[in-house]
Amino acid sequence: MARGAGSLPELVRLVAGELVSEVCSVYALKPGDILELLATEGLRQDAIGRTRLRVGEGIIGMAAATGAPLNLPDAQNHPAFAYRPETGEEPFASMLAVPVRRAGRTLGVIAVQNRNPRRFDPGEVEELETVAMLLAEVLSAAGAQDSTAEGLGATVPRRFPATVLVPGLAMGPVVVLGAAPPPGRLLADNTGEELLRLDRAVAAMQQGIDALIEAGLPQEATGAASAASREILDAYRLVAADAGWLRRVGDAIRGGLSAEAAVHRVSGDVRDRMRRITDPYLRERLADLEDLAGRLLTTLGGPGAVKVAPPGAILLARRLGPAEVLDWHGRGIAGFVVEEGSASSHAAILARGLAGCQVILRPEQDVRRVYQRAVEARAARQAGFAALRDLPAETRDGTKVSLMLNIGLALELVQLDATAAAGIGLFRTEIAMLARGAIADVPEQAAGYARVLDAAGDRPVLFRTLDLGGDKLLPGNELPPEENPAMGWRSLRIGLDRPALLRRQLRALLLAAGGRNLSVMFPMVATVAEFRAARALLDAEVAKVRPAPGELRVGTMLEVPALMFQLPELLKVVDFVSVGTNDLMQFLFAADRSTPSLAGRYDLLSPPMLDLLATLAEQCRAAGVALSVCGEAAARPVEAMTLVGLGIETLSMPASGIFPVKALLRSLDLPEFRRVLAAIRRTAGGAASLREPIVSWAREHGLEIDRG
Ligand code: PEP
Ligand code: MG
């Protein structure tokens, strides 16, 4: 066995003594997600190498699977307990199991057990965690890593299912951005000196971040875009200065660790917390912390992660933080692939417009050729799109369609001019708050909204009030757990129950308008009474804020099907309706929008949805109420064409949809399509989807339905 394994019996004996426990055992992760007993003090020695548990099985398996310590006074009666007779562990009641993790991967578990049913105190948990950190080095050196790691000499092409964060195509050599190696020196005697080193390193790191932000803002991101990059980066700076995590690093130093080891330890904790948090925005804030910890380690003089990549390389990383994106920007990176990330991640937001990629490793020659052609075709299409920018958004027969943008951060305002969109059909006000992790005060909110109005100029902006709740939670505002958060206490429901919050936002919007026109849209309205109550809060603020807005338009999102049965009353009180197809689809079909196995199961181009939209369009027209669609579906050319076919002539979408939709609409003979669509709907005959006949007709007529 490699270095370190020989000292394991010694280690488990020492730990058992130190924690006054009868048992201390180490389990190592083996290929196939098996945890094998590697050393033990107190259990039968002949169980070593024989006792095995799957990850997730038993208390040991659970600690490995969750990445979190388990502290159980009565482990044997825990529902997850898995009895292994060969170990002779019957007499031991309590157990503390701590996962052994390194660079985000679980390598094993260390556990102590006692006869007495007792809960281990926080100091003991801390001590075992420190041992686990040391052990991670031993296990890693002994080759306990995940056997799925690819050998260097691998030659077989591999495809990896991936989610596109930034649309685009790129080819290039892969450079793996490894985690910073663990610190060489773990323990330190001179706590004062280590704390001083930490203070100096924090100051240097913060200066470095300022310099990076100044130098690294994308050059093309001028005006509104740089303001918004700043929004993300300011949030990042706040995290950098956050006393909480720095205090935890200080505490770990006071516990005897070197400054490097303390940072390493806190960043490990952060990673573990991240694995347990599902909210993408909160995960992002923790990702910022992880990014910062890496920087702090480098500033402390530790060996940094890989920092060289040839121009045109594809960067492969577990995660990327905003500062890292800036770091790599300008070094000619063709794209990046992250193991953990979401479209709403700070890295993805900053990277949009910088670079993008999708993943095939070691493509075969013919695949390579196909992609080469695709890259060229895409470049040609982009050139064609540029020409579309200044052409009117209208169908071939001259029907004007208003194409607007869905945005949520000032960063995206630059898209207004880039796409020549008609305005902002959905400004998701909660996004900036989630990105910064807190609700801004009224002046700050007002300044943010004013920037949006400045950038939009004469173009309309529909500000949607806070759509928090569900899975969009702010730290410190944890809501009681709910069985179905998407249908729970969220969005306008929170706003009406906590009117001070909503009123502050409405005041900020009115202040931002400062006499200009203002459009306010309420989300998740389920009854006319809710709309009226929200409107009353707005009116109360209007009465107080001077100057009054120019034209004030107040509307509702239509996301809850119940509104369809209240249209006569609703249309008397709203100035506009905007259909949020993302939520409407999930509520109409009772299909959670964030359950991957349901994605694509129900189609917008289905008789019930098209009937609903046709009825809505008809009634809005009759009532003289403006109607738009702002769900993501509007960005898909076939859906967009169908919506226009139903008489919905304002579509709001992410920027990436504007040109493909415009291209299709400009070649569409709308009167003919309307006749065809009516016939298709009439003869639907219970079909689950009408996509096929609609797409066939579009193809037969040479319409470009696949551009994008
Ligand atoms: C929608 O539900 O379609 C919508 C636009 O709102 P969100 O996606 O922000 O819930
Ligand atoms: Mg919605």
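Coordinates for the structure precede this section.
Here the structure is a predicted model, which means the values were calculated and not measured. (Residues numbered from 1 in each chain as written. Chains lettered and ligands numbered in written order. Predicted model: local features only at pLDDT ≥ 70, side-chain atom pairs only at ≥ 80, totals over all residues. Heavy atoms only, no water.)

S.K.: So what's going on with the environment of A640? Which residues, and what values?
M.R.: You can see A640 is positioned in helix α21 (residues 637-645). Placed 22 residues apart in sequence, A640 and K662 show a C-alpha to C-alpha distance of 9.4 Å. Not counting chain neighbours up to four residues away, the residues in contact with A640 comprise A633, A634, L651 and V661. (Helix = DSSP H or I, 4+ residues; strand = E, 2+ residues; numbered from the N terminus. Contact = heavy atoms within 4.5 Å.)

S.K.: Give me the lowdown on the pairing of strand β1 (residues 23-30), citing residues and values where you can.
M.R.: A regular strand carries its side chains on alternate faces of the sheet. Burial runs high along β1: 7 of the 8 residues are buried. Where β1 meets strand β6 (residues 105-114), 6 bridges bridge the pair, whose relative direction is antiparallel. Within the sheet, the bridge partner assigned to V23 lies in β6 and is Q113. One ladder, built from 7 bridges, connects β1 with strand β2 (residues 34-41); its direction is antiparallel. Pairing of C24 across the sheet is with E41, part of β2. (Buried < 20%, exposed > 50% of the residue type's maximum accessible area, 1.4 Å probe, protein only. Pairing = 2+ DSSP bridges.)

S.K.: Any details on the nonpolar core? Residues and values, ideally.
M.R.: L403, F463, F522, M641, L651 and I694 are the most contacted members of the largest nonpolar core, which totals 106 residues. Looking at which element gives the most residues to this core, the answer is helix α20 (residues 607-623), with 8 residues. Composition of this core by domain shows at least three residues from each of domain 3 (423-580) and domain 4 (591-629 + 631-708). Residues within four places of M641 in sequence aside, it is in contact with L664, L665, L668, F673, I694, W697, A698 and L703. Counting residues in hydrophobic clusters, the runner-up holds 25 residues, among them W245, V249, A261 and A293. (Core = buried A, V, L, I, M, F, W, Y, C linked by side-chain atoms within 4.5 Å. Domains from an automatic or database assignment.)

S.K.: Summarise the site of ligand 1; cite the residues concerned and give the values.
M.R.: Taken together, 14 residues form the shell around ligand 1, and within it R428, R464, G580, N582 and R593 come nearest. At a separation of 2.7 Å, an oxygen atom of ligand 1 approaches a polar side-chain atom of R428. Backbone polar atom of G580 to an oxygen atom of ligand 1: 3.3 Å apart, as the coordinates give it. Here ligand 1, which alone exposes 290 Å², has 97% of that area covered by the protein. Going through the elements one at a time, β13 (424-428) and α19 (581-588) are the ones with two or more residues in the shell around ligand 1. Here the element with the most residues in the shell around ligand 1 is α19; it accounts for 3 residues. In the shell around ligand 1, the residues fall into 3 nonpolar, 4 polar and 7 charged. (Near = heavy atom within 4 Å. Polar contact = N/O pair within 3.5 Å; in protein donor to acceptor, adjacent residues only side chain to side chain. Areas by Shrake-Rupley, 256 points an atom, 1.4 Å probe, with all protein chains shown as cover. Nonpolar A, V, L, I, M, F, W, Y, C, P; charged D, E, K, R; others polar.)

S.K.: How would you summarise the sheet that holds β6 if you had to cite specific residues and measurements?
M.R.: Across the sheet, 6 strands lie side by side as β3-β2-β1-β6-β5-β4; this open sheet has antiparallel pairing. The open sheet terminates on both sides in strands that have one partner only, identified here as β3 (52-54) and β4 (70-72). Recorded for the sheet is a direction-independent mean angle of 25 degrees between the axes of neighbouring strands. When β2 meets β3, the two strands line up antiparallel, connected through 3 bridges. Residue pairing across strands places I34 opposite R54, the latter belonging to β3. (Axes fitted to C-alpha atoms, helices over the stretch in contact; angles between N-to-C directions.)

S.K.: Which residues make up the sheet that holds strand β8 (residues 174-177), and what values go with them?
M.R.: Pairing within the open sheet is parallel, and its 3 strands lie in the order β8-β9-β10. What marks the edges here is a single partner per strand, and that holds for β8 and β10 (335-338). Each neighbouring strand pair of the sheet contributes to a mean axis angle of 25 degrees, computed without reference to strand direction. Two strands pair when backbone bridges link them, and β8 and strand β9 (residues 314-317) are joined in this way by 4 bridges, in the parallel orientation.

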